[in-house]
Each structure stands twice: as structure tokens, then as C-alpha cells.
Amino acid sequence: MAQDDSPEQVEQFLQQLDKFHPTLPESVTEYHLRKSGFHTTDPRAVKTVSLAAQKLLADLAHDALQYAKMRTAQAKKGSGGKQDNRLILTTQDLTWALKNYGVSVHKPEGLGPVVAG
């Protein structure tokens, strides 16, 4: 919510938030909030964080899907013959999507390289 939101808009958001059931269970959100040092008794705060986490995960999945589509399209261009039409999401696709959000992914040694271009 922006600073210039009216009290009515904030109240409307809070009412909608009461009806919202996040994909990420609130118990998981509460656990990670407590583990990071954030303690609250307000369930709306937990739901708001759950909503933000759900939005982030949805955006990451969408971005990774776009990278997978681009990678598949390039592979189809580069080779002739019959192509497999399945779309497979790889760790590389997710790594590229995470890079857009400033998150670096490093695999432990021995598992092979992660190429994020």
C-alpha cells in the first residue's frame, strides 16, 4: 500500500485479506517469521507476508517458464528433424529467473556447473 492510500482503501484491503486463503500455509509463514526474529500476534501481518511470498513465487515460476520457452524455441531452431514438444522446466531456467531478483544460485562442488547467462 502506498503512503497516499486513504483509510477506506486500507480498510477494504484488510477486509479482502480476511477472505484470502494463501497457498503457502500461514503456519509455514509464521515459522519463518519467528525464525528470522519477527514476532507478531496480528494474523493480518502473517497473511500479508504470505500474500507477498505467494506473489513472489508466482512471479518466479512465470519468469522461469518464459526462460524455458525461450530455451526450447532456440533448441528447436538449432536442430532439424522431429522435436519433442514437452516443455521441461530446468534448474537453469529457475536460476536465470532468480538472477532477475538478485538471488545467486550456487551448486555445491561435484554437482556440475550452473550456467546463468
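Residues numbered from 1 in each chain as written. Predicted model: local features only at pLDDT ≥ 70, side-chain atom pairs only at ≥ 80, totals over all residues. Heavy atoms only, no water.

> Where do I start with the confidence of the model for the protein in this structure?
As a general rule, the predicted coordinates of low-pLDDT regions are not to be interpreted in detail. In the predicted model, the protein carries a mean pLDDT of 85, and the fraction of residues at 70 or more is 85%. Between the elements of the protein, mean pLDDT differs from a low of 88, seen in helix α1 (residues 7–19), to a high of 94, seen in helix α2 (residues 26–35). (pLDDT = per-residue confidence, 0-100. Helix = DSSP H or I, 4+ residues; strand = E, 2+ residues; numbered from the N terminus.)

> What am I meant to see in the pattern of salt bridges here?
Should the charged atoms of two oppositely charged side chains come close, the side chains can pair. Tallying each qualifying case throughout the model produces three salt bridges. The closest approach of N and O atoms between Asp59 and Lys55, which form a salt bridge, is 2.9 Å. Of this pair, Asp59 and Lys55 both sit in helix α3 (residues 43–78), four residues apart, which is roughly one turn of the helix. As a salt-bridge pair, Arg71 and Asp93 come within 2.7 Å of each other at their nearest N and O atoms. Within this pair, whereas Arg71 is found in helix α3, its partner Asp93 is found in helix α4 (residues 91–100), the two being separated by 22 residues in sequence. (Salt bridge = Lys/Arg side-chain N within 4 Å of Asp/Glu carboxyl O.)

> I would appreciate a short explanation of the environment of Ala68 in the present structure.
You can see Ala68 is positioned in helix α3. Sequence-wise, Ala68 and Trp96 are 28 residues apart; in three dimensions their C-alpha atoms are separated by 9.9 Å. For Ala68, the contacting residues outside a window of four places in its chain are Leu87, Ile88, Leu89 and Asp93. (Contact = heavy atoms within 4.5 Å.)

> Just to check I follow, could you spell out the environment of Asn85 for this structure?
With respect to the helices, strands and loops of the structure, Asn85 is situated in the loop between α3 and α4. The exposure class assigned to Asn85 is exposed, which follows from its relative accessible area of 65%. Considering only alpha carbons, one finds Asn85 and Thr72, 13 residues apart in sequence, at a separation of 8.8 Å. (Buried < 20%, exposed > 50% of the residue type's maximum accessible area, 1.4 Å probe, protein only.)

> I'm lost on the nonpolar core in this one. Help?
Ranked by size, the top nonpolar core spans six residues in total: Leu60, Ala64, Tyr67, Trp96, Ala97 and Leu98. When contributions to this core are tallied by element, the ones reaching two or more residues are α3 and α4. (Core = buried A, V, L, I, M, F, W, Y, C linked by side-chain atoms within 4.5 Å.)

> Any chance you could explain the side chain of Thr29 here in plain terms?
Among the structural elements, Thr29 can be located in helix α2. What makes Thr29 buried here is its relative accessible area of 6%. Polar contacts involving the side chain of Thr29 include one to the side chain of Ser50, which spans 2.6 Å. Every residue in contact with Thr29, bar those within four places of it in the chain, is listed here: Leu24, Val46, Val49 and Ser50. (Polar contact = N/O pair within 3.5 Å; in protein donor to acceptor, adjacent residues only side chain to side chain.)

> Help me out: how do you make sense of the side chain of Asp63 in this one?
Note on placement: Asp63 falls in helix α3. Discounting chain neighbours no more than four positions away, the residues touching Asp63 are Ala97 and Tyr101.

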